[in-house]
Amino acid sequence: MITRRHLLGTAGASAALAMSGLSPNFFEAEAAGANLAPGLPEGLSTVATMEALPGKKPLIKLSYRPPNYESPLETFRTAITPNDEFFVRYHLADIPTVDAQTYKIAVGGDGIDSPVEISFDDLKKMPTVEVVAVNQCSGNRRGLSKPHVVGVEWGYGAMGCARWKGVRLKDVLDKAGLKKETIEVSFNGADGPAVDKTPDFIKSIPVWKAVDEATIIAYEMNGQPLPHWNGFPARIVVPGWTGTYWMKHVVAINALTKPQGGFWMNPAYRIPLGKFPLRDRFITQENATSTPITEMVVNSLITSHRDGSKVKAGKVAISGMAWDGGYGISSVQVSTDGGKTWSAATLGEDLGRFAFRPWRFDLVAKMGKSTVMVNAINKLGQSQTPELIFNPAGYHNNVMQNITLNA
Amino acid sequence: MRVLPIAAIAALVALPAVADEQAIPMKKAPNLDKVEANCQACHSLDYIPMNSPFPNAALWDAEVTKMIKAYGAPIDDADAKAIAEYLKSNYGS
C-alpha cells in the first residue's frame, strides 16, 4: 500500500526539488538535539532538533510542515535578531515562493472607494518609514503552560526584534480611498491550506490600529529583503501587537465595514475577557467571554545564562532583553533572594518603544546556588506576573523567570 | 490564499520538510498506518509527539474532532476512531 507518507518522501520530494530549482544537498539538515528549556512537554524532546531551513541557520525545529522553528536562547543576546536566526511560524502548509516581479497586493473591501493593485515597484516608490519592533508569536512560551495545552509547544524563542522598513499601511489605504465607515482592515497572505476545507489564514485589525503611523507594509528587514520564511516580498508589521496579525507574503488587504469572520478570528487567537492587564481593545470582535489577543504583555528574558548554568563565584554579569506592547520599558528589576528585595538593572540602548530593551545586572555569586529573578516594568506601570495567568490557548505567558546558577 | 488539488500540494508543501519527515520517530503500534495515511496530508507527524504525553483520552478525542470539524480534514469515521485509539494508546496520559 502506498501511503501519503511514501508519496511525500519520494515523488513529492523529487517534484518539489525539481520545482524549487534547488539541489537536494541544500535541504540536508544539520539534525542535532536541541537544547530545550525545562518545563516543556516531554514528548517534544523526541522531535525537536536543530535544523536549517534554506537561507537560515540551524534553529530549533518543532514541526516540519507547516514549518515552525524557534530561535535558541543565545540568539537574543543582541537587541536586533539576525534575519537568518529569526523564528519561523506558519499555520498552513502550502507556502509558495513568491516572485517580486509579478507580486501584487489587491487593496479592496466594502470600506474602500476604488480598489487598487499595488506592485512591489509601486511599494518601493512610496515614502518609506522604519520601525524597530519585536515580532512575537502569541503562543510564545505555550510549552511552559501548567497544565500543558495543545498547540505548537514553543519555548522562549518564538520571537525576534528587527528593523523593519516599508510604507505606512495608511498610505496604501488612502490610495484606494478609505471610507469613514470602515471598522476593520483584514489581511491575507499567499500561503494557503493543504486541503480546500481548511480555513484560509485571514486576520483583521481595528481600523484605528491599521492607520496608526507605526503600522506598515514592510519589504526590508534589517536592511535586507525579507527572508522567504519571514514573508518575502512584503509583510504586515503591527508594532506592539502579537505576530498573528503580521501577515506574511501579504497579497490582499481589505477595508471592512463589518467584522471579519472565520476560524482564525474566532475561536482562534482569543483570550478570556478581563484576565490580562491590556489597554488595546478590539471591540468589534469582542463577545461576552473572549476577545482577540492584541498587544504583547510586558516581558523579559534572561539571555546570558540558562537555568542551572555553572558560574564562577564572584561577579557574574547577568543580561537579557525586555519588551512590551509599545509603551516602552521603564525599568527592569532583579531579585537575588526569591523576590523579597529588588534592585534596578542597568538599561541598554533604547531602539524605540517597540524594540527589545537590553538590560544587565552584576550578580555576586556565592559558592553554591544563587538565584536570579527578573521583572520588567513598562511606562504604564504594568509588570510581569509572578504566577501564570492560565488560559486555554497558552497565550501571554509573562511569568517572571527565576533561574538558578551554580558556583 | 491558494487552494490546489491535493496531488499538487504533495509536491509543493514546505519544501525542506519532505526529505526529513520520514525520520520523525513515531511509535510503531496498531493504527499508525491510519495516522500516516490521513494526518500527514496536512501536517508532519512531529505535531503528535510534541503534544505529548499530557493529553488525556478526552483531549485526544477532541483534537481529532477539531481536525475534522474546524480544519476540514477529510477523515472517515472508522479512520478517525483508529487515529484516536493510536493517539490515546501511545501519546496519552
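In this text the structure is predicted, and so the values were computed from the model without any measurement.

1. Focus on the confidence of the model for chain B
All names here are of chain B. Per-residue confidence for chain B gives a mean pLDDT of 87, with 80% of residues at or over 70. Long-range and interchain partners of residues 5–17, a stretch whose pLDDT sits below 50, account for 34 contacts in this model, where long-range means more than four residues apart. Scoring of the predicted complex yields 0.91 for pTM and 0.90 for ipTM.

2. With respect to the pairing of strand β9 (residues 159–168) of chain A
Residues and elements named next belong to chain A. Within β9, eight of the 10 residues are buried, which leaves it mostly tucked inside the rest of the structure. Sheet analysis places strand β8 (residues 129–136) next to β9, joined by eight bridges and oriented antiparallel. Its bridge partner lying in β9, Gln136 is registered against Met159. Two elements, β9 and strand β12 (residues 216–221), share five bridges in a ladder whose sense is antiparallel. Paired with Lys165 across the two strands is Glu220, which belongs to β12.

3. Some points on the domain arrangement of chain A
Residues and elements named next belong to chain A. The domains assigned to chain A are domain 1 (104–292) and domain 2 (299–406). Taking the mean C-alpha position of each, domain 1 and domain 2 sit 29 Å from one another. Taken together, the contacts link 25 residues of domain 1 with 21 residues of domain 2. Top element by residues in the side of domain 1 that touches domain 2 is β8. It accounts for four residues. Within the side of domain 1 that touches domain 2, the residues separate by chemical class into 14 nonpolar, five polar and six charged.

4. Structural notes on the sheet that holds strand β15 (residues 250–256) of chain A
Residues and elements named next belong to chain A. The mixed open sheet is built from five strands, whose spatial order is β7-β6-β15-β10-β11. Taken across any chain shown, the strands that pair with only one partner, and hence form the sheet edges, are β7 (116–119) and β11 (202–206). Pairwise comparison of adjacent strand axes, ignoring direction, gives a mean angle of 20° for this sheet. Pairing of strand β10 (residues 184–189) with β11 involves five bridges; the strand directions are antiparallel. Considered in β11, the bridge of Phe187 is made with Lys203.

5. Remarks on the sheet that holds strand β22 (residues 346–347) of chain A
Residue and element names in this part refer to chain A. The strand order across the open sheet built from four strands is β18-β19-β23-β22, with neighbouring strands paired in antiparallel fashion. With one partner strand each, in any of the chains shown, β18 (299–302) and β22 form the two edges of the open sheet. The pairing of β18 with strand β19 (residues 314–323) spans four bridges and is classified as antiparallel. Along β19, the bridge assignment pairs Ser300 with Ala322.

6. Let's talk about helix α4 (residues 169–176) of chain A
Residue and element names in this part refer to chain A. Among the residues making up α4, those that are buried are Leu169, Val172, Leu173 and Ala176. All buried residues of α4 lie within an arc of 100° about the axis, which places them on one face of the element. Downstream of α4 by one or two residues, Gly177 has phi in the positive range, about 80°.

7. A look at the confidence of the model for chain A
For chain A, the average pLDDT comes to 92, and 92% of its residues sit at 70 or higher. This model gives residues 1–31 of chain A a pLDDT under 50, and the stretch forms 48 contacts once residues within four places in sequence are excluded.

Calculation rules
- Residues numbered from 1 in each chain as written.
- Chains lettered and ligands numbered in written order.
- Predicted model: local features only at pLDDT ≥ 70, side-chain atom pairs only at ≥ 80, totals over all residues.
- pLDDT = per-residue confidence, 0-100.
- Contact = placed C-beta atoms within 7 Å.
- Buried ≥ 20, exposed ≤ 12 C-beta atoms within 10 Å, placed from the backbone.
- Helix = DSSP H or I, 4+ residues; strand = E, 2+ residues; numbered from the N terminus.
- Pairing = 2+ DSSP bridges.
- Domains from an automatic or database assignment.
- Nonpolar A, V, L, I, M, F, W, Y, C, P; charged D, E, K, R; others polar.
- Axes fitted to C-alpha atoms, helices over the stretch in contact; angles between N-to-C directions.
- Arc of directions from axis to C-beta.

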